[in-house]
Amino acid sequence: MSEIKPLSSLKEYTKIFDELKEGNPIVFTKDGKEVGTLVSSKEWNKIQAEIKLLNELNHEDNSFDGMSLSEFRKLHDRNQK
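Attention here is on the structure that accompanies the text. Numbering of residues begins from 1 in every chain and follows the order in which that chain's sequence is written. Confidence filtering applies because this is a predicted model: local features only for residues at pLDDT of at least 70, side-chain atom pairs given and counted only at 80 or more, and all residues used for totals across whole chains, interfaces and linings. In computing side-chain properties, one takes all heavy atoms of the structure into account and sets aside hydrogens as well as water.

1. Re a nonpolar patch on the surface
Then step 1. Taken together, the side chains of L7, L10, Y13, F17 and V35 make up a nonpolar region of the molecular surface, amounting to roughly 470 Å² of accessible area.
Then step 2. By the element assignment, F17 lies in helix α1 (residues 13-19). Patch rule: a residue counts if its relative accessible area is over 30% and it has no salt bridge; like charges are joined within 9 Å, and nonpolar side chains (Val, Leu, Ile, Met, Phe, Trp, Tyr) within 5 Å. Under the convention used here, a 1.4 Å probe and the Shrake-Rupley method define accessible areas, while residue burial counts only the protein chains that appear. The salt bridge definition used is simple: a Lys or Arg side-chain nitrogen within 4 Å of an Asp or Glu carboxyl oxygen. By the criteria applied, helices consist of DSSP H or I runs no shorter than four residues and strands consist of E runs no shorter than two, each listed in order from the N terminus.

2. Things to note about the pattern of salt bridges
Then step 1. Within the structure shown, the criterion is met by 3 salt bridges.
Then step 2. K5 is paired through a salt bridge with E19; the nearest N and O atoms lie 2.9 Å apart. Within this pair, whereas K5 is found in strand β1 (residues 3-6), its partner E19 is found in helix α1, the two being separated by 14 residues in sequence.
Then step 3. Via salt bridges that share partners, E3, K5 and E19 belong to a single interconnected network.

3. Concerning the side chain of S9
Then step 1. Along the chain, S9 turns up in the loop between β1 and α1.
Then step 2. The contact criterion used is simple: two residues touch if any of their non-hydrogen atoms lie within 4.5 Å. Not counting residues within four places of it along the chain, the set of residues in contact with S9 comprises I16 and F28.

4. Examining the pairing of strand β2 (residues 26-30)
Then step 1. Exposure classes here rest on a 1.4 Å probe applied to the protein chains alone. A residue is buried below 20% of its type maximum, exposed above 50%, and partly exposed in between. Taking burial as the measure, the 5 residues of β2 include 4 buried ones, the bulk of the element.
Then step 2. Sheet analysis places β1 next to β2, joined by 4 bridges and oriented parallel. From the neighbouring strand, K5 faces β2, where its bridge partner is F28.
Then step 3. Running through α1, the crossover from β1 to the neighbouring parallel element β2 is right-handed.
Then step 4. Here β2 runs beside strand β3 (residues 33-38); their pairing, made up of 5 bridges, is antiparallel. Across the sheet, T29 pairs through a bridge with E34, a residue of β3. Strands qualify as paired when DSSP identifies two bridges or more between them. If you view a crossover with the strands going away from you and the path from the first strand over the helix to the second runs clockwise, you call it right-handed.

Below you can see the structure in the form of structure tokens.
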């Protein structure tokens, strides 16, 4: 769950970093609008690794020119005899 704080709370940045927990980003607002989000380094690294993996999977999926899923199922359906 995100915690929402006004941007002005960054004046006490040491306190903000003490409150930062993995899985609990801090969302900063200015004039009632979101302007930034702070996440822990561990969370950031996890997000970056997930993005990289998803990009690689997407690339592989787009370059795959094999058979369709329905064709695969027809060939490998264990219930068919």
